[in-house]
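Okay, here's what each chain looks like letter by letter:
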Amino acid sequence: MKQPFESSEEIITEKPSVQQYQARAASNSRTVSHTSTLSSFGINWTTYRVTVTYTYNSTGALKAGTTSGIVVRNLNPLVKTSRTSSYGSISNKKYSGVATFSYKIGPLKGLSVQIGTYNLKVTGGENGLISGSAWKN
């Protein structure tokens, strides 16, 4: 079945305060996010965000922190969306985090039909954001 949704993506990098810079100097942690929106008929229906936190040094990511995914906005009350998983890993001194969401159509619990899953991925290194992407299954 062809998905009727289009997606648009926005990459967000944190602009830290002076206090956060001081804390980062001591802990060397970074937070990066990727936001993506599902649209149809010219309307931005649902917006998702994945955020990762990790520690780093001058060569790259050292230690995994947290990976979280949230639904920022859902304008259609008939579409129920929820995070099904979130995970992260370090490879080649880069930290990548993925959040997966399911979305269903149906107003009643137990009577809804799952129409797909939506995945967001963000990757960071020693200088912050490297890439962000989103895809539907």
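Fair warning: this is a prediction, and the values are worked out from it, not measured in the lab. (Residues numbered from 1 in each chain as written. Predicted model: local features only at pLDDT ≥ 70, side-chain atom pairs only at ≥ 80, totals over all residues. Heavy atoms only, no water.)

Trainee: Residue-level account of the overall build of the chain, with values.
Mentor: When its secondary structure is counted, the chain shows one helix and eight strands. Reading the helices (α) and strands (β) of the chain from amino to carboxyl end gives β-α-β-β-β-β-β-β-β. Residues classed as buried in the chain amount to 36% of the 137 residues present. Once local pairs closer than 6 in sequence are excluded, the contacts in the chain between residues at least 24 apart make up 50%. (Helix = DSSP H or I, 4+ residues; strand = E, 2+ residues; numbered from the N terminus. Buried < 20%, exposed > 50% of the residue type's maximum accessible area, 1.4 Å probe, protein only. Contact = heavy atoms within 4.5 Å.)

Trainee: Let's hear about the side chain of Ser102: which residues, and what values?
Mentor: Looking at the element boundaries, Ser102 is found in strand β6 (residues 94–105). Not counting residues within four places of it along the chain, the set of residues in contact with Ser102 comprises Lys80, Thr81, Ser82, Thr84, Gln114, Gly116 and Thr117.

Trainee: Requested: an account of the packing of aromatic side chains, with residues and values cited.
Mentor: The final tally for this structure, using the stated rule, is three aromatic pairs. When the ring of Tyr48 is compared with that of Tyr118, the centres are 5.0 Å apart and the planes differ by 35 degrees; the resulting orientation is tilted. Taken together, the positions of Tyr48 in strand β3 (residues 43–57) and Tyr118 in strand β7 (residues 113–125) put the pair 70 residues apart, joining distant regions of the chain. Residues Tyr48 and Tyr118 agree in their burial class; the two are buried. For Arg30, the ring lying beneath its charged end belongs to Tyr56, and the centroid distance is 4.3 Å. (Phe/Tyr/Trp six-rings, centres within 6.5 Å; stacked < 30°, edge-to-face > 60°. Lys NZ or Arg CZ within 6 Å of the ring centre and 35° of its normal.)

Trainee: How would you explain the nonpolar core if you had to name every residue and give the values?
Mentor: The nonpolar side chains of a soluble globular protein tend to be buried, and buried together. Formed by 18 residues in total, the largest nonpolar core has its most connected members in Tyr48, Val52, Tyr54, Tyr103, Tyr118 and Leu120. Of all the elements in the fold, those that place two or more residues in this core are β2 (29–40), β3, β6 and β7. For this core, the leading source of residues is β3, giving five residues. Excluding residues that lie within four positions of it along the chain, Tyr48 makes contacts with His34, Thr35, Ser36, Leu38, Ile70, Val71, Val72, Thr81, Phe101, Tyr103, Tyr118 and Leu120. (Core = buried A, V, L, I, M, F, W, Y, C linked by side-chain atoms within 4.5 Å.)

Trainee: Outline the pairing of β2, supporting the account with residue identities and numerical values.
Mentor: Of all 12 residues making up β2, 10 are buried, and the element is well covered by its neighbours. Of the pairings in the sheet, the one linking β2 to β3 comprises 12 bridges and is antiparallel in character. Within the sheet, the bridge partner assigned to Thr37 lies in β3 and is Thr47. Hairpin connection, β2 to β3: the antiparallel pair is bridged by two residues, and Phe41 has positive phi, about 55 degrees. (Pairing = 2+ DSSP bridges.)

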